[in-house]
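Coordinate inspection notes
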Amino acid sequence: MTDQDTTLENLLTETRSFQPSPEFAASSNASPELYEQAEADRLAFWAEQARRFLSWDTPFEEVLDNSGAPTARWFADGKLNATYNAVDRHVEAGNGDRVALLFEGEPGDTRTITYADLKREVSKAANTLESLGVRTGDRVAIYLPMIPEAVIAMLACARIGAPHSVVFGGFSAEALHSRILDADAKVVITADGGYRRGKPSALKPAVDEALSHDDTDVSTVLVVRRTGQDVAWTDGRDQWWHEALEGASEEHTPVPVEAEHPLYILYTSGTTGKPKGILHTTGGYLVQSAYTHWYVFDLKPETDVYWCTADVGWVTGHSYVTYGPLINGATQVLYEGTPDSPHKGRWWDIVQKYGVTILYTAPTAIRTMMKWGADIPGEYDLTSLRVLGSVGEPINPEAWIWYRRVIGGDRTPVVDTWWQTETGAIMISPLPGVTDAKPGSAQVAVPGVHVDVWNDAGQPVGPGGGGYLVINEPWPAMLRTIWGDHERFKDTYWARFPGTYFAGDGAKFDEDGDVWLLGRVDDVMNVSGHRLSTTEIESALVSHDWVAEAAVVGASDATTGQAVVAFVILRSDALEAAEAEGEKVVGELRNHVAHEIGPIAKPRSILVVSELPKTRSGKIMRRLLRDVAENRPVGDVTTLADSSVMDSISAGMQASAGD
Ligand code: WT7
């Protein structure tokens, strides 16, 4: 890492610390006693949170049953409904007029949706799904832009106990197809399109393409009309959302489900080519999402305006747009578009317009804003902000300080939250008003969660030591399995250190015992806070006729954290055409990856090479390719079968950089 100060050495020379202001501490939701209570009796602590944050149809007696480890069961003899908790009970408590969603479309259209509105819309959608034959336990795929219907659709599924599988709208038809197939979804909820960078961007064609394989069990596609663009129509299968909901009743009784009933499947990249369907269940997941949302963001539901910029296609959007905030009765902003549309001040305009008090976003966005300059946020009144959150990748101290100073006016606590799709909810984070904040460190496990850093041999490294992040006690929001592949669940997370959850992240303790996250230690990349698999992109590349072999690495990038850099060997017949067409080959291959996976996976650069660095046993040495991609002198090549390979690759890289 050359152009960022996220190297271990730089991170650990960061010694600044920010004390909570006395005013903030005096009224913060969190207090130091929270840690003591959790420490005194961890299960009693979680039981208390479960009773406090959720309403149960059948109260639970049992807190944790870990006899089926590694699949834990939490609150398993209790029954509840997620949507009742997120919506109905707020209306019953007299808060139906409170705004749930402040929607801002990219073109500037707005909608204000109260909890009473949400109850009505979600009920209609739930009745519609039931009339389409969706039963408790059936899966529904959701492929939507960031519009209120995305939240409504998720809640409608949860209302009838039909697990949803949200697929990020930026994923390709191929990616959508494999997820629909793996989850065996019955219904797909999509839109004609959404607005992206000032233009309508189509979604429905990807659904048509995904279903053209004719190998899924999808009987109905519900289509939200968002952009009004023309769509192809399959009679008997496709229905407009607004027409289907029109006649539906506004009354619907939420279906109480067991706490361990599946709430959703969300696919995420692993170290192999096939995405993993992470399964989350109802009770424990909701408890930890709501609890962390309350304490980590210091939510005051009557007065705060909360805004999490994540798309509901990612886990952050599940836990901190749909479930956590709504369970807590928050008022939140939902924004459809990109930060630079129609101008680079759009986010700050939104903060000013709605008086946003809590902002939760990703380091990559903060670094992009830094690059655009402090003058842009400087044009807006951001004084409403009082808590700033970060998630998705390590935040370098420089970005942390900029976030606090330029966006937070040097007043706001910044919470760096570490967690994963698999953990379901925040695991490591300072608590505002309690923790002395250290820029660049996620610091401490939230009360009730136990994490540690272990060395290769599975021993705790202790203060000052580095190694692998592990989670050594079950937690309520933990994944229960990988959908349809329980063996992979056991192998991926529980085999590296038998019986202990291995997160896949490197980490270090400082002398105070605070945790510093150091990035992935496996073949998983983190690009703009989005998880991508090197193997998945390699498979996409070799699925192209021209490509014989491919190796992909994540190279550090000043804005996106990591960037995808690919090295490909072309087939000999393609080589000639490639030589004639030059740059077009690279363009074609980049587009091919976008078509197979989605635009987020497009390599930043692709270098055509004649050989790849391999060990004598044939393993590609990605470490050396990373050196080249990051413009570093190439490391030790002695284990290569042919040590001259790296010379030609380095020369090729330099030549292409000079173009
Ligand atoms: C991976 C999980 C959790 C929602 C977004 C990403 C990295 C996440 C942090 C952080 C350092 C972080 C880890 C983790 N990560 N948050 N605050 N500091 N690294 O979810 O796609 O499941 O990715 O993101 O490497 O393993 P995800």
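Read on for an overview of the structure. Source: prediction; values computed, not measured.

Take the overall build of the chain next. Along its length, the chain carries 22 helices and 30 strands. Taken over C-alpha atoms, the radius of gyration comes to 24 Å for the chain, in line with the 26 Å a tight globule of 659 residues would show. C-alpha extents for the chain along the principal axes are approximately 75 × 65 × 55 Å. Long-range pairs, those at least 24 residues apart, make up 71% of the contacts in the chain between residues at least 6 apart in sequence. Counting only carbon and sulfur atoms, one obtains 48% of the accessible surface of the chain, whose full area is about 24200 Å².

The next thing to look at is helix 20 (residues 583-596). Given a rise of 1.5 Å per residue, 14 residues ought to cover 20 Å, and the 20 Å separating the end C-alpha atoms of helix 20 matches this to within 8%. Among the residues of helix 20, Val585, Val586, Leu589, His592, Val593 and Ala594 are the ones counted as buried. Positive phi appears at Gly598, one or two residues downstream of helix 20, with a value of about 150°.

The tendency in soluble globular proteins is for nonpolar side chains to be buried side by side. The biggest cluster of nonpolar side chains holds 159 residues, and the ones touching the most others in it are Phe75, Leu118, Ile189, Tyr323, Leu469, Ile537 and Leu541. Considering every element that reaches this core, the biggest residue donor is helix 7 (residues 148-160), with ten residues. When sequence neighbours within four positions are dropped, the list of residues in contact with Tyr323 reads Ala82, Met154, Leu155, Ala158, His164, Leu263, Tyr264, Tyr285, Leu286 and His318. Counting residues in hydrophobic clusters, the runner-up holds 31 residues, among them Val333, Tyr335, Val351 and Tyr403.

Running from N to C, helix 5 (residues 82-95) and helix 6 (residues 115-131) cross one another at 130°; their axes reach a closest spacing of 9 Å. Relative to helix 6, the element helix 5 lies oblique. Handedness of the helix 5/helix 6 crossing: left-handed. Along its contact with helix 5, which presents Thr83, Ala86, Val87, Asp88, His90, Val91 and Asn95, the element helix 6 presents Tyr115, Ala116, Leu118, Lys119 and Val122. Here the residues of the contact of helix 5 with helix 6 sort into seven nonpolar, three polar and two charged.

Rules and cut-offs
- Residues numbered from 1 in each chain as written.
- Predicted model: local features only at pLDDT ≥ 70, side-chain atom pairs only at ≥ 80, totals over all residues.
- Heavy atoms only, no water.
- Helix = DSSP H or I, 4+ residues; strand = E, 2+ residues; numbered from the N terminus.
- Rg over C-alpha atoms; globule rule 2.2 N^0.38 Å.
- Contact = heavy atoms within 4.5 Å.
- Areas by Shrake-Rupley, 256 points an atom, 1.4 Å probe, with all protein chains shown as cover.
- Expected span 1.5 Å × (residues − 1).
- Buried < 20%, exposed > 50% of the residue type's maximum accessible area, 1.4 Å probe, protein only.
- Core = buried A, V, L, I, M, F, W, Y, C linked by side-chain atoms within 4.5 Å.
- Axes fitted to C-alpha atoms, helices over the stretch in contact; angles between N-to-C directions.
- Parallel < 35°, antiparallel > 145°, perpendicular 65-115°, else oblique.
- Left-handed = near helix turned anticlockwise from the far one by under 90°.
- Nonpolar A, V, L, I, M, F, W, Y, C, P; charged D, E, K, R; others polar.

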